[in-house]
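# Examining the three-dimensional arrangement
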Amino acid sequence: DALGGKMALVGRRWFGQATESYTLDGDAAYAAIAGAASVEFNRVTPENSMKWETIEPQPGVFDFTLGDKLVAWAQANDQAVRGHTLVWHSQLPSWMNNPAVPWTAATLKPVLENHIRTVVRHYKGKIDQWDVVNEMFNEDGTYRDTIFYRTFGTDFVKWALTWAHEEDPDALLFINDYNFEYRGPKVDTAAAFFQSLVNEGYPLGAVGCQAHLIVGQVSQAGITAGLQKFADTGLLLYLTEVDIRYEIGRGNDIANYTTSQVAQQAKDYYELTNACLAIDNCLGMTLWEYTDKYSWIPGVWDGTGAALPWDVRLDKKPAYTAIMEAILGQ
Ligand code: G3I
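One structure accompanies this document, and this report is about it. It should be emphasised that the depicted structure is a prediction, and the values quoted were computed from it without experimental measurement.

Okay, the overall build of the chain next. When helices and strands are tallied, the chain shows 14 helices and 10 strands. In terms of C-alpha radius of gyration, the chain reaches 19 Å, essentially the compact-globule figure of 20 Å for 330 residues. Taking the principal axes of its C-alpha atoms as reference, the chain extends roughly 55 × 40 × 40 Å. When the 330 residues of the chain are sorted by exposure, 45% land in the buried category.

Below, the structure written as structure tokens:
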């Protein structure tokens, strides 16, 4: 294959994948494409194994088993690691969600601090990008009503960035969210908040735009405008969880991959990739699993899927070629 994803990007941008060690261990054909030999990817994100419920299942008791396995795999396969995610209202352990005694600012703050410091310290020097805060905004630009916001207002963001930076000053710290690709209340309010953090000297380094998108609704000009809004703050950018889904009917039916949507999807991937490439601050993109075989989409958005550049048979789709054409044409 003349178009190697990683080689086209080395030294310039990142092209990553989300995966897990147990998926790699259980599927040799999948692991062969994910790994160094395929020369496709130069960065990896753990899809679930560094989330709070997994990494601190009991108060103060940390389990790095799965995270460590993926980091070891990344090192063996010459891939950098995005840490995902330190502070998120979802996938919290039950002791966080249902405490015996309701949390107060005084009881929750040391828990948050210990979590962030312990995890970042454990991976210091091994994880160079951290999603410090995930999904803190609503679509209308207001702050999401979570255990953290209810208890601390936006102070938790400032503390989280500060603690993470103190533990690993070399890590690039992100605030990550979905629907962060197009201008609108969410992007505009978030950009203003990020600007205030930067102005006040907090160690925010980058914005993560998840980019869970829909075929036929991707516009390069629209995404460029959204990304530029963040770039104008001086922050770096990354497309952190890319997939572009479409209606395939119930289930994840291989037959549907040959519909006309595949051509539109390729165009959409081309435009998304170009939107990143057109902005110097955009560091690259990561596919949220590289193949439909392990995509989260059909399980959550029933009747939709086929969102990745590799199909369930692990064959490349036109979307793959489109991404590479964008990269090589830059
Ligand atoms: O661990 C349990 C396992 O014990 C159980 O047998 C199994 C049965 O369903 O479920 C397992 O937990 C699942 C978990 O993934 C680990 O595989 C959950 O049900 C499932 O809901 C969970 O989904 C993850 C989702 O985040 C949770 O919110 C997806 O894999 C993951 O792709 C998705 O990723 C998020 C990003 O972190 C943030 N941005 C949005 C993105 C998509 O939702």
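Moving on, we come to the site of the ligand. In the neighbourhood of the ligand, the contacting residues comprise Glu47, Asn48, Ser90, Gln91, Asn134, Gln210, Glu241 and Trp296. Considering only residue class, the shell around the ligand consists of one nonpolar, five polar and two charged.

Below, the discussion takes up the pairing of strand 4 (residues 129-134). With six of six residues buried, strand 4 is to be regarded as a mostly interior element. The pairing of strand 3 (residues 80-87) with strand 4 spans four bridges and is classified as parallel. Note on strand 4: the bridge partner recorded for Arg82 is Gln129. Where strand 4 meets strand 5 (residues 172-177), five bridges bridge the pair, whose relative direction is parallel. Its bridge partner lying in strand 5, Trp130 is registered against Leu173.

Turning our attention to helix 11 (residues 220-231). Along its 12 residues, helix 11 runs 16 Å from first to last C-alpha, staying within 8% of the 16 Å computed at 1.5 Å per residue. For helix 11, the full list of buried residues reads Ile223, Thr224, Gly226, Leu227, Lys229 and Phe230. The inward-facing, buried residues of helix 11 contact helix 10 (185-199), strand 6 (206-209), strand 8 (236-247), helix 12 (261-277) and strand 9 (282-287).

With glycine set apart, most residues show a phi of negative sign, and most peptide bonds adopt trans. Cis geometry is adopted by the peptide bond preceding Thr85, which originates at His84 and carries an omega value of 0 degrees. Following the sequence through the fold, Thr85 ends up in strand 3. Even without being glycine, Val39 reaches a positive phi, approximately 60 degrees. The partly exposed category is assigned to Val39, around which 15 C-beta atoms lie within 10 Å. Even without being glycine, Glu135 reaches a positive phi, approximately 60 degrees. Mapped onto the elements of the fold, Glu135 is located in the loop between strand 4 and helix 8 (147-152). According to the C-beta neighbour criterion, Glu135 is buried, with 20 such atoms within 10 Å.

Between helix 10 and helix 11, whose axes approach to 9 Å, the crossing angle comes to 15 degrees. The orientation of helix 10 with respect to helix 11, classified from their angle, is roughly parallel. Both helix 10 and helix 11 take part in a crossing whose hand is right-handed. On the side of helix 10, the interface is formed by Val187, Asp188 and Ala191, while helix 11 contributes Gly226, Lys229 and Phe230.

Conventions we followed
Along every chain, residues carry numbers that run from 1 in the direction the sequence is written. Residue-level local features of this predicted model are given only where pLDDT is at least 70; pairs of side-chain atoms are given and counted only at 80 or more, and the full residue set underlies all totals for whole chains, interfaces and linings. Comment: elements are numbered from the N terminus, with helices defined as DSSP H or I runs of at least four residues and strands as E runs of at least two. For the radius of gyration, the atoms used are the C-alpha atoms, and the globule rule reads 2.2 Å times the number of residues raised to 0.38. Exposure is read from a count of other C-beta atoms within 10 Å of each residue's own; the residue is exposed at 12 or fewer, buried at 20 or more and partly exposed in between. C-beta atoms are placed from the backbone. Near residues are defined by distance alone, with the backbone-placed C-beta atom required to lie within 6 Å of the molecule or strand. When residues are sorted by character, Ala, Val, Leu, Ile, Met, Phe, Trp, Tyr, Cys and Pro go into the nonpolar class, Asp, Glu, Lys and Arg into the charged class, and all the rest, Gly among them, into the polar class. Any two strands with at least two DSSP bridges between them are considered paired. Any helix carries an expected span of 1.5 Å times its number of residues minus one. By the convention adopted here, residues are in contact when the distance between their C-beta atoms, placed from the backbone, does not exceed 7 Å. Helix axes are fitted to C-alpha atoms over the stretch in contact, other axes to C-alpha atoms as well, and angles between N-to-C directions run from 0 to 180 degrees. An angle below 35 degrees is read as roughly parallel, one above 145 as roughly antiparallel, one from 65 to 115 as roughly perpendicular, and any other as oblique. By convention, the crossing between two helices is left-handed when the near helix turns anticlockwise from the far helix through less than a right angle, and right-handed when the turn is clockwise.

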